[in-house]
Amino acid sequence: MNNLLPLMQREWLQHRFAWTMLVLVPLALSLSLLTIGTIQLDDDMMAMKPRDLSLMLAMLSMVITAAVVFLLLGVTSLFIALGSPRRDDGDRSIEFWLSLPSGHAESLVAPMLVHLLLVPAAALLVGFVASVPVSMIVVGRVVGLGEWLSLPWGQIITSVTALLLRGIAGVPLALLWLLPLVLAAMLSNALFRRWGLPLLVVVLILLAQGLERVFGQPLLTEALSALLTHAATSMAGASGSVSMEVSACGDASGCTGMQVDGTAMLIESVSRLPGWALRDFGAAVRDLAQPLLVGSLVLAGALFAALLVWRRRGASVA
């Protein structure tokens, strides 16, 4: 850990300006466009009550903003991680890192921890913080600032926090499913430089098509599809979509004399999000108990060992 922390700090010092710009520039553009532009909604949404519409717009804008920030930082950090093995070799900084008391494994693991775990988790947190002014402008422009201020922020913050924690907890689970693909791309980039990723994609497509058409065995196609599907559901949706139905009846005697308006239904749906997030995370954890994950982790270990061999050979040449 004493060696990992300086290496992880190196990633922060090297990429902090780019990460900051990836958040601030799109956020500033979005706020500017939402402030001076026109926000158009369909007739069904405009027919809703102001209270219902403001609650729906606030939740949607917060979730969408967090998702956009997560994708921007996540995809960028993924490509940085894929090129990290070749980075030290290309600029000969490997000679400097060899002079420090850190091994090759730590030099490979540190960028992966930062770019594949910490940055996506931080992106979700930053995205939800940035979504507050976005939701204020959207609701204020469409319904009115007073409706935004009068929203049930206690329940909204609780639900949004549950979704945030669900997403952060899902990042390492998703990485477990994608680890063999990530390490294969890192090894391919290390061996073939800028042609590594395109070459890997072509090889996987040819192997998948060859196995399916020549031998009639779609094993590789199904395995790749399963890895991607499990990685996606590790982030959200492992237990299915959240139910938006609200029962207005407390017993089986019927609903006589009880009425629930749209606002109550929406608030009830929002209040159910923490329970859904907990159940969804439990379902994602249970999905890990599959032979496919065991095999993919064995393959990931072999690929990481190959990366170590490549790095040691490059260091000996240097």
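Heads up: the structure comes first, above all this text.
Sequence order as written defines residue numbering, which begins from 1 separately in each chain. For a predicted model such as this one, the threshold for reporting local features is a pLDDT of at least 70, and the threshold for listing and counting side-chain atom pairs is 80 or more; totals across whole chains, interfaces and linings nevertheless cover every residue. Working from all heavy atoms in the structure, the side-chain values ignore hydrogens and water.

**Let's talk about the packing of helix α1 (residues 4-36) against helix α6 (residues 104-142)**
What describes two packed helices is the angle between their axes and the distance between those same axes. Direction vectors running N to C along α1 and α6 enclose 20°, while the axes themselves pass 10 Å from each other. Relative to α6, the element α1 is oriented roughly parallel. α1 and α6 meet at a crossing whose hand is right-handed. All residues other than Ala, Val, Leu, Ile, Met, Phe, Trp, Tyr, Cys, Pro, Asp, Glu, Lys and Arg, Gly among them, are scored as polar; the first ten of these are nonpolar and the last four charged. Classifying every residue of the contact of α1 with α6 by side-chain character gives 22 nonpolar, four polar and three charged. Structural elements are reduced to axes, namely lines fitted to C-alpha atoms, with helices fitted over the stretch in contact, and the angle between N-to-C directions of any two is expressed from 0 to 180 degrees. Strands are runs of DSSP state E lasting at least 2 residues, helices are runs of H or I lasting at least 4, and numbering of each runs from the N terminus. Orientation is classified from the angle alone, with under 35 degrees giving roughly parallel, over 145 giving roughly antiparallel, 65 to 115 giving roughly perpendicular, and any other angle giving oblique. Two helices that cross are described as forming a left-handed crossing if the nearer one is turned anticlockwise from the farther one by less than a right angle, and a right-handed crossing if clockwise.

**As for the environment of Trp153**
On the secondary structure map, Trp153 appears in helix α8 (residues 153-192). Here the alpha-carbon distance between Trp153 and Leu55, two residues 98 residues apart in the chain, equals 9.8 Å. Residues are treated as being in contact if the distance between any of their heavy atoms lies within 4.5 Å. Not counting residues up to four positions away in its chain, the partners in contact with Trp153 are Met62, Ser135 and Trp148. In this structure the side chain of Trp153 is engaged in a polar contact, spanning 2.8 Å, whose partner is the backbone oxygen of Trp148. Polar contact is the term for a pair of N or O atoms within 3.5 Å; when the atoms are in protein, one must be able to donate a hydrogen and the other to accept it, and sequence-neighboring residues count only if both atoms are side-chain atoms.

**Regarding the pattern of salt bridges**
We define a salt bridge as a contact between a side-chain nitrogen of Lys or Arg and a carboxyl oxygen of Asp or Glu at a distance within 4 Å. Applying the stated criterion across every chain, the model contains one salt bridge. The shortest N-O distance in the salt bridge between Asp280 and Arg166 comes to 2.9 Å. With a gap of 114 residues between them, Asp280 in helix α12 (residues 273-286) and Arg166 in helix α8 connect regions that are remote in the sequence.

**Observations regarding the side chain of Ser131**
Looking at the element boundaries, Ser131 is found in helix α6. Buried residues are those whose accessible area, probed at 1.4 Å on protein chains only, stays under 20% of the maximum for their type, while exposed residues exceed 50% and partly exposed ones sit between those limits. A residue is classified by how much of its surface remains accessible, and Ser131, at 0% relative accessible area, is buried. Engagement of the side chain of Ser131 in a polar contact is seen with the backbone oxygen of Phe128, the distance being 2.6 Å. In contact with Ser131, other than residues within four places in its own chain, are Ser61, Met62 and Thr65.

**Observations concerning the packing of aromatic side chains**
Only Phe, Tyr and Trp rings take part, Trp by its six-membered ring, and two of them pair if their centres are within 6.5 Å. Stacked means planes under 30 degrees apart, edge-to-face means over 60, and tilted covers everything else. Tallying each qualifying case throughout the model produces two aromatic pairs. Ring centres of Trp148 and Trp153 lie 4.9 Å apart, and the angle between their planes is 65°; on these two criteria the pair is classed as edge-to-face. Residue classification places Trp153 among the buried residues on the basis of a relative accessible area of 19%.

**A look at a nonpolar patch on the surface**
A grouping of Leu191, Phe192, Trp195, Leu199, Val203 and Leu207 is seen on the molecular surface, where their side chains present a nonpolar patch of about 600 Å² in accessible area. Counting only elements with at least two residues in the nonpolar patch, the list comes to α8 and α9 (196-213). Sorting elements by how many residues they give to the nonpolar patch places α9 first, with three residues. Patch definition: residues above 30% relative accessible area lacking any salt bridge, with like charges linked at up to 9 Å and the nonpolar side chains Val, Leu, Ile, Met, Phe, Trp and Tyr linked at up to 5 Å. A 1.4 Å probe and the Shrake-Rupley method give the accessible areas. Residues count as covered only by the protein chains that appear here.

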